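Residues per chain are reported as follows:
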Amino acid sequence: MTRKQEILTYLNELSRQFDSAVNTVPEILKSHADEWFAGLDKTSGFVDHCSLYVPVVGGFSAGKSAALNALVGRDILPEKVTPETAIPAELHFSEDERISAQAQNGDWSTHAITALPELSENAKDYQVVRIYLNSPVLKDIEPLVLVDMPGFDSGLDQHNQAILRYITTGAMYLYLVDCKAGTVSRQDSRRIEEILDLGRRVEVLMTKTDLASESEVNAAREHVADHLSMIMESASVGLINKSDVSAMLSRLKAANVSALFNAMTIPGVKDLFFDADGLVNTAISSLTSDAASLENKIEEAASTLRKVEAEKQRLLEDAKGSGVSDKCELVISRLDQALRSSTDELVSQAKVSEAALSRGVADLVRSTLTVEIQTVVRKSTSDIAFQFSDEINIGSLSLGGEGWLENMVGVLESEVMNALAGLQDATTGQNAGAHYTHDADKNPLGKAINAISGFAIMIPNPVLRVVFAILPGIIGQLFGSFKSNAENDRYREAISSQVIPTVISQVRPQVMDSLQRSESEIIRVVSEQISEKVSAQKSLYDEVAKRSESEISALQSKQQDLEKIKNEMKTKAIAKGVFADVN
């Protein structure tokens, strides 16, 4: 049984357990059942259709497409693309061969399997293509889905949009280095470090080994491994070519798919468990309380709701102060350092062309902002959540099992990063309408959708997209003032005194705006999540309080049944690895 099947089976069992609790005391839990089962529907659909994306990255002519064609045994990916025709291509297994293409406006269209060259000619019009192939290899590595990424020399928009798309959904990366280069460039090192800083695994493969002698291959491999050992723990370098991609396949098969799948799906599963556990626990608490205690619990819940609202307003006011400004300046200072430490590299790119300089600057800006902003978001999300927790003493409330707040923080952090990258709708729309039915007669589960959290994070001008829209104009305006002078010192002076300060001055307000908006959104979502749980708790207490003594007595006789269900829920969750480490 695969990890996906294990989790789906567990969700079916959790459904039965919670349904049993609802049927035990329908007078208390029935009004909350529909909402919980809707969450089950959503989570089950996400798990059932979850893919683990494996972006295959590297420069143009690194042999990415050739290697992937060899892997699937088909010449499906064009190998002679230009930077302007590059488009990220996902390779999915399906017996029904076709291509689905997502336009820039989010609409999907279906095309014949032979249509990729034509789609590539209009790459600027598309975000991504999904190629569905009846390939035994693709079936064998499921749920891993390989992604042929645009090369690093592709157009600014294609390259950065493709990278942003997989910031939170890329489970692991294959990084391809051309054997003929014989080394790892500074650009390669920076990108590998960026991927590692985002918490993803990187496997490095050297391509085109059939075009060099054995001694040349060994020397290049040793040199690359030595360089990689300075930035990553495992510096093993696999060797592949058009005739032999066994090293690539072995790396994919060696991946800990269960751990990767847990990381993508278990947070949502845990959230569902916590909701069920909190409702059952509150029902038990209400049945073990006398009338006076019940009234106190109702008042405590009402007081908590008032405190949550007050804390929300206080934190929103604080977000307007110097705190966010300090975080912005920290991010900007790191960006300034990254740009200035790469001046020589930028000089070399400026001497090639304006486009090369734009790509170089954009690459540095993207990699620095992505890592630094994620660090800020992670800390902000945790700090805000636990400020609420400390203020209202969440530990004293029956809102869910131990760890529900920490779990919410992790899910929210990912959603905020998606919003900052402009990805709220990037992956929706393809799986809607599919159904998960583990036991159709007893527990039919409805439409599957692609978002596992219910958080609607709204950041109108996501910084990681806005910045790439303004950078070409900045570079274009400045480039003409020094492109005619080919002296390195003049280039260096212009980049140091004009390009970098102008980039910083233009990026700073975008970072500030996005951090302020993300902070406000985090505060809003955390307060809403806590308020929803406390409101549900209060409504359960209200439901019991309005019952007659005889009705309460009848309900209290079922307390032990609820205790048994609650214990069974926890035991099963532990047994199925729901509380296993997913980091």
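Rules used throughout
- Residues numbered from 1 in each chain as written.
- Predicted model: local features only at pLDDT ≥ 70, side-chain atom pairs only at ≥ 80, totals over all residues.
- Heavy atoms only, no water.
- Helix = DSSP H or I, 4+ residues; strand = E, 2+ residues; numbered from the N terminus.
- Contact = heavy atoms within 4.5 Å.
- Areas by Shrake-Rupley, 256 points an atom, 1.4 Å probe, with all protein chains shown as cover.
- Axes fitted to C-alpha atoms, helices over the stretch in contact; angles between N-to-C directions.
- Parallel < 35°, antiparallel > 145°, perpendicular 65-115°, else oblique.
- Left-handed = near helix turned anticlockwise from the far one by under 90°.
- Nonpolar A, V, L, I, M, F, W, Y, C, P; charged D, E, K, R; others polar.
- Buried < 20%, exposed > 50% of the residue type's maximum accessible area, 1.4 Å probe, protein only.
- Pairing = 2+ DSSP bridges.
- Expected span 1.5 Å × (residues − 1).
- Phe/Tyr/Trp six-rings, centres within 6.5 Å; stacked < 30°, edge-to-face > 60°.
- Lys NZ or Arg CZ within 6 Å of the ring centre and 35° of its normal.
- pLDDT = per-residue confidence, 0-100.

Right, let's talk about the overall build of the protein chain for a bit. Each helix and strand counted, the protein chain has 19 helices and nine strands in total. In the protein chain, of all internal contacts separated by at least 6 residues, the share reaching a separation of at least 24 is 82%. If you sum the accessible surface of the protein chain, you get close to 24700 Å²; carbon and sulfur atoms cover 47% of it.

With their axes 10 Å apart at the nearest point, helix α10 (residues 257-287) and helix α19 (residues 559-575) run at an angle of 155 degrees to one another. Viewed along their axes, α10 and α19 adopt a mutual orientation that is roughly antiparallel. Classified by chirality, the crossing of α19 by α10 is left-handed. Side by side, α10 and α19 meet where F273, A276, D277, V280, N281, A283, I284 and L287 of the first sit next to Q559, L562, E563, K566, M569, K570 and A573 of the second. Per-class residue counts for the contact of α10 with α19 are nine nonpolar, two polar and four charged.

Turning next to the side chain of Q17. Relative to the elements of secondary structure, Q17 occurs in helix α1 (residues 3-24). Look at Q17 and you get buried, because its relative accessible area is 12%. The contacts of Q17, once residues within four sequence positions are left out, are I565, E568, M569 and K572.

This next bit is on the environment of L305. Inspection of the secondary structure assignment puts L305 in helix α11 (residues 291-319). Residue classification places L305 among the partly exposed residues on the basis of a relative accessible area of 23%.

The strand order across the open sheet formed by nine strands is β4-β3-β5-β2-β6-β1-β7-β8-β9, and the pairing between neighbours is mixed. Each of the sheet's edge strands pairs with one partner strand only, and the pair in question is β4 (108-111) and β9 (237-239). Adjacent strand axes in the sheet meet at a mean angle of 25 degrees when their direction is disregarded. The sheet contact formed by strand β1 (residues 52-57) and strand β6 (residues 144-148) spans five bridges and is parallel. Within β6, the position partnered with L52 by the bridge is L144. Sheet contacts for helix α8 (residues 214-228): β8 (201-207) and β9; angle to β9, the most-contacted strand, approximately 155 degrees.

A few words on helix α15 (residues 404-420). Between its first and last C-alpha, α15 extends 24 Å over 17 residues, near the 24 Å set by a 1.5 Å rise per residue. The buried fraction of α15 amounts to 14 of the 17 residues, a majority that puts the element mostly inside the structure. One or two positions beyond α15, positive phi appears at G422, with a value near 75 degrees.

Considering all chains together, one arrives at seven aromatic pairs under this definition. Geometrically, the ring pair formed by F18 and W36 is tilted, given 4.5 Å between the ring centres and 35 degrees between the ring planes. Placement of F18 in helix α1 and of W36 in helix α2 (residues 26-49) is noted, with a sequence separation of 18 residues between them. With respect to class, F18 is no different from W36; both count as buried. In this structure an aromatic cluster arises from ring pairing among F18, W36 and F37. Lying over the aromatic face of Y132, R98 brings its terminal NZ or CZ to 3.9 Å of the ring centre. Above the plane of the ring of F579 lies K570, whose end atom (NZ or CZ) is 5.7 Å from the centre.

This paragraph deals with the confidence of the model for the protein chain. Summarising the model, the protein chain shows a mean pLDDT of 84, and 86% of its residues fall at 70 or more. Scored below 50 in pLDDT, residues 425-452 shows 67 contacts in the model against residues more than four places distant or in partner chains.

The subject of this paragraph is the packing of α2 against α10. Packing of α2 against α10 leaves a shortest axis separation of 10 Å and a crossing angle of 170 degrees. Here α10 runs roughly antiparallel to α2, going by the angle between their axes. Contacts between α2 and α10 involve I28, L29, H32, W36, G39, L40, T43, F46 and V47 from the first element and F261, M264, T265, G268, V269, L272, D275, A276, L279, A283, S286 and L287 from the second. Taken together, the residues that form the contact of α2 with α10 break down as 14 nonpolar, six polar and one charged.

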